[in-house]
Amino acid sequence: MKGIVSRIESKNIYVLYEEKEIICYLRGRLKLEAEWKKDKLLYTDLIVVGDYVDFELNEDGTGVIEKIPERRNYLSRKAPYIKGVSEKGKRFEQLIAANVDYTFCVVSVDKPKFNNRVLDRMLVTAESCETTPIIVINKYDLMKKRKKDYWYDLYTALGYKVIKSSVVTMQGIDEIKQLIQGKTSVFIGHSGVGKSSILNQLDSKINQKVDEISEAWGKGKHTTVTAQLFKLNDNTFVIDTPGVREIEPYGLTREDITHYFREIAIVAKNCRFNTCTHTHEPDCAVKTAVEEEIIPFERYDSYLRLVETLDEEKF
Ligand code: GDP
Ligand code: ZN
């Protein structure tokens, strides 16, 4: 029998099959194969929300997953630091969801204040995992007139799809509803930006808690990625990620990061040195472009900070 993983709670893997959720377990052999890694994170990463699985039904109504499924792609992040699990200076990859078309990167105008570095980290993560990022700037009802569409214009000019949204005025909600049709979409964003509020507007099947600081994702529980999949119709799936507080791209080099900052990548070709780090070198085309405001300073700053995090970890 074939189903799709809708959520995972410790050893219970919930598999959607004909509109029902069946609790499944992994065949013991699969767990043994994974055990040599001696890492809790990797154990939980054997199966992830969005995986299509083959399972056999037991007499008691539970199921057994026989095989680790193949994935078209998967969204992952750098796992947070956890005492005793990550070695010093080394952080693991943590899977968030599999077989993803769109990664909706949700940010807000205010409350919490718009932070372009957070957005850039989400964009790099989404793109490096071969998913298509879509930016949602929520709480547009709180936008001050004089700031107008600064960030909307900036990211649109870079070629990203950007949606201005508000669950107060309902601006942008229909556009999101249309985009998700026939796709698998993951929604990510820092808590408080209104991700749950938006999801609740998309379909009556979705009923996520709004504005609640759940103890489940409180201190010390950062290891668990608690994604949840909703099937809206036969080919439309939406995945919420309430347990994912922060997104940092995993396993990227400086060159990779440059590649995903599109406007920097184009200009960097003209730097004098091909090893240019765009910080102190002479004849750096990137620095010149920033001075001439061809590259927005905020993006340059965001780029440098992301690269710094790599240096700290000695990738
Ligand atoms: P999440 O943590 O990203 O899932 O955010 P929630 O959906 O729980 O929303 C956090 C808070 O922001 C709640 O008090 C919501 O009522 C509020 N909120 C969500 N969307 C909007 C919006 O578009 N405009 C305004 N003004 N408030 C919003
Ligand atoms: Zn340079």
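The model shown is predicted, which means the values in this text are computed figures rather than measured ones.

A. Quick peek at the overall build of the chain. The helix and strand inventory of the chain stands at 10 helices and 13 strands. Burial statistics for the chain: of 315 residues in total, 36% are counted as buried. The long-range share in the chain, meaning contacts at least 24 apart out of those at least 6 apart in sequence, stands at 64%.

B. Molecular detail of the sheet that holds strand 9 (residues 132-138). The strand order across the open sheet built from six strands is 10-9-8-11-13-12, with neighbouring strands paired in mixed fashion. The open sheet is flanked by strand 10 (161-164) and strand 12 (228-233), the only strands paired with a single partner. Each strand of the sheet is rotated relative to its neighbour by a mean of 25°, with strand direction disregarded. Relative to strand 9, strand 8 (residues 102-108) runs parallel, the two sharing seven bridges.

C. Region of the structure containing helix 6 (residues 195-202). Along helix 6, the residues that are buried comprise K195, S196, I198 and L199. Angular distribution of buried residues about the axis of helix 6 spans 160°; they occupy a single face of the element. In this fold, the buried residues of helix 6 make contact with strand 8, strand 9, helix 5 (173-180), strand 11 (184-188) and strand 13 (236-240).

D. Here's a closer look at the environment of N233. Its place among the elements puts N233 in strand 12. With 10 C-beta atoms counted inside 10 Å, the residue N233 sits in the exposed group. Sequence separation of N233 and Q181 is 52 residues, and the distance between their C-alpha atoms is 8.6 Å.

E. Local environment of the pairing of strand 7 (residues 93-98). Most of strand 7 is tucked away, with five of its six residues classed as buried. In this sheet, strand 7 lies alongside strand 6 (residues 74-78) in antiparallel orientation, the contact comprising five bridges. In the strand pairing of strand 7, Y74 is matched with A98.

F. Seen up close, the environment of Y303. Position of Y303 among the secondary structure elements: in helix 10 (residues 297-313). For the pair Y303 and T258, spaced 45 residues apart in sequence, the C-alpha to C-alpha distance is 7.7 Å. Every residue in contact with Y303, bar those within four places of it in the chain, is listed here: I257, F261 and I264.

G. Here's a closer look at the pairing of strand 12. Here strand 12 runs beside strand 13; their pairing, made up of five bridges, is antiparallel. Across the sheet, F230 pairs through a bridge with V238, a residue of strand 13. Hairpin connection, strand 12 to strand 13: the antiparallel pair is bridged by two residues.

H. Region of the structure containing the sheet that holds strand 2 (residues 12-17). Spatial ordering of the closed barrel is given by 1-2-3-5-4, a layout of five strands whose pairing is mixed. Sheet twist, expressed as the average angle between the axes of neighbouring strands with direction ignored, equals 50°. Two elements, strand 3 (residues 20-26) and strand 5 (residues 63-65), share three bridges in a ladder whose sense is parallel. Looking across to strand 5, one finds that Y25 is bridged to V64.

I. A look at the packing of helix 5 against helix 6. Axis separation between helix 5 and helix 6 bottoms out at 10 Å; the angle between their running directions is 70°. Compared by their axis directions, helix 5 and helix 6 come out roughly perpendicular. The two elements helix 5 and helix 6 cross, and the hand of that crossing is right-handed. Contact with helix 5, carried on its side by I173, I176, K177 and I180, involves I198, Q201 and L202 of helix 6 and no other residues of that element.

J. Representation of helix 3 (residues 116-128). For helix 3, spanning 13 residues, the distance from its first C-alpha to its last is 18 Å, which sits close to the expected 18 Å at 1.5 Å a residue. Residues L119, D120, R121, M122, L123, V124, T125 and A126 constitute the buried set of helix 3. One or two steps after helix 3, the chain reaches E130, where phi turns positive at roughly 60°.

Cut-off values and rules
- Numbering of residues begins from 1 in every chain and follows the order in which that chain's sequence is written.
- Chains and ligands are labelled by the order in which they are written, letters from A for the one and numbers from 1 for the other.
- This being a predicted model, a pLDDT of at least 70 is required before a residue's local features are given, and a value of 80 or more before pairs of side-chain atoms are given or counted; all residues contribute to the totals for chains, interfaces and linings.
- We count a stretch as a helix when DSSP gives it H or I for four or more residues in a row; a strand needs E for two or more, and each element gets its number in order from the N terminus.
- Any residue whose C-beta has 12 or fewer other C-beta atoms within 10 Å is treated as exposed, any with 20 or more as buried, and any in between as partly exposed, C-beta atoms being built from the backbone.
- Each residue gets a C-beta atom placed from its backbone, and two residues are in contact if those atoms lie within 7 Å.
- Criterion used throughout: strands pair if DSSP finds at least two bridges between them.
- Whenever a helix is involved, its axis is fitted only over the stretch in contact; in every case the axis is a line through C-alpha atoms, and angles between N-to-C directions fall within 0 to 180 degrees.
- This arc is taken over the directions from the axis of the helix to the C-beta atoms.
- Oblique is the label for any angle not covered by the other classes, which are roughly parallel (under 35 degrees), roughly antiparallel (over 145) and roughly perpendicular (65 to 115).
- By convention, the crossing between two helices is left-handed when the near helix turns anticlockwise from the far helix through less than a right angle, and right-handed when the turn is clockwise.
- In this analysis, the expected span of each helix is defined as 1.5 Å times one less than the number of residues it contains.

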